[in-house]
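The lines below spell out each chain.
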There are 2 protein chains.
Amino acid sequence: MEEATMHKSTLNVTPLLTPGEVATMFRVDPKTVTRWANSGKITAVRTLGGHRRFLEEEVRELLEAVPTQRR
Amino acid sequence: MEEATMHKSTLNVTPLLTPGEVATMFRVDPKTVTRWANSGKITAVRTLGGHRRFLEEEVRELLEAVPTQRR
DNA sequence: AACGATTGGGGTAATTCGGGAC
DNA sequence: CTTGTCCGAATTACCCCAATCG
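Residues numbered from 1 in each chain as written. Chains lettered and ligands numbered in written order. Predicted model: local features only at pLDDT ≥ 70, side-chain atom pairs only at ≥ 80, totals over all residues. Heavy atoms only, no water.

### Description of the protein's contact with DNA strand D
Next up, step 1: Neighbouring DNA strand D are 22 residues, the closest being Asp29, Thr32 and Thr47 of chain A together with Thr32 and Thr47 of chain B.
Next up, step 2: A share of 72% of the atoms of DNA strand D within 4 Å of the protein falls on sugar and phosphate groups.
Next up, step 3: Thr47 of chain A places a side-chain nitrogen or oxygen 2.9 Å from a phosphate oxygen of DNA strand D.
Next up, step 4: Asp29 of chain B has a polar backbone atom sitting 3.1 Å from a phosphate oxygen of DNA strand D.
Next up, step 5: Across the surface near DNA strand D, the residue classes break down as four nonpolar, eight polar and 10 charged. (Near = heavy atom within 4 Å. Polar contact = N/O pair within 3.5 Å; in protein donor to acceptor, adjacent residues only side chain to side chain. Nonpolar A, V, L, I, M, F, W, Y, C, P; charged D, E, K, R; others polar.)

Printed below as a string of structure tokens:
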């Protein structure tokens, strides 16, 4: 579909994830994701109300980052 | 809103298990599961804090008993 | 405005980590 | 050779309640 005929606007938005979604992906508690953000282990964007949102791309990288074993 | 109900988009979810859960399923000590991971016998993903998470699918496969013959 | 679900603060239990030795 | 246990330290989970989200 061409841009001119698209109904929804094609804004360049970086996909964001909620704390709950990130928590699900890592199999941890949402509060744990919050602690990761506070300690600078993961980038966090804030809503105007103070809630955190996370970069989907960064999350996927962090999930793949640590492979398996080490001797 | 529940995870299953949210229409956020197809969030890539690979079901993960904690060391304790895997240990319970195999009826072994969690430390033993850690040893399996360190020796590369089972795949492990890491949380940002260094804790291990295991692939549920792989665990289920490993749990499958071979009645007639092993090895 | 009102509603259910989620999140953000805190505090306190429970797991997990790593090493090491038996 | 595998497994369970011991230890201290670090990480994570669960509890409350008020605020934000959609």
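Now that the structure has been shown, we can carry on.
### Let's talk about the sheet that holds strand S3 (residues 52-55) of chain B
Residues and elements named next belong to chain B.
Next up, step 1: Pairing is antiparallel in the open sheet, where three strands are placed in the order S1-S3-S2. Edge positions in the open sheet fall to strand S1 (16-17) and strand S2 (44-46), since each of these has one partner strand only.
Next up, step 2: Examined bridge by bridge, S1 and S3 share two bridges and lie antiparallel to one another. Bridge pairing in S3 places Leu16 opposite Leu55. (Pairing = 2+ DSSP bridges. Helix = DSSP H or I, 4+ residues; strand = E, 2+ residues; numbered from the N terminus.)

### Some words on the sheet that holds strand S2 (residues 44-46) of chain A
Residue and element names in this part refer to chain A.
Next up, step 1: Taken together, three strands build an open sheet; the order of strands is S1-S3-S2 and the sheet is antiparallel. At either margin of the open sheet sits one strand with a lone partner, and together these are strand S1 (16-17) and S2.
Next up, step 2: Where S2 and strand S3 (residues 52-55) come together, three bridges link them in antiparallel fashion. Bridging from a neighbouring strand, Arg46 pairs with Arg52 of S3.
Next up, step 3: Helix-sheet contacts for helix H2 (residues 30-38) involve S2 and S3, and the interaxial angle to S3 is about 75 degrees. (Contact = heavy atoms within 4.5 Å. Axes fitted to C-alpha atoms, helices over the stretch in contact; angles between N-to-C directions.)

### Some remarks on helix H2 (residues 30-38) of chain B
Next up, step 1: The N-cap of H2 of chain B, judged by a side-chain oxygen 2.9 Å from the amide nitrogen of Lys31 of chain B a few residues on, is Asp29 of chain B.
Next up, step 2: Note on H2 of chain B: the residue one or two positions beyond its end, Gly40 of chain B, has a positive phi of about 80 degrees.

### Some thoughts on unusual backbone geometry
Next up, step 1: Look at Arg27 of chain A: it is not a glycine, yet its phi comes out positive at around 60 degrees.
Next up, step 2: Tracing the backbone shows Arg27 of chain A in the loop between helix H1 (19-26) and H2.

### What to know about the confidence of the model for chain A
Next up, step 1: Chain-level pLDDT for chain A is 85 on average; 77% of the residues reach the 70-or-more range.
Next up, step 2: Per-element mean pLDDT across chain A ranges from 90 in helix H3 (residues 56-65) of chain A up to 98 in S3 of chain A. (pLDDT = per-residue confidence, 0-100.)

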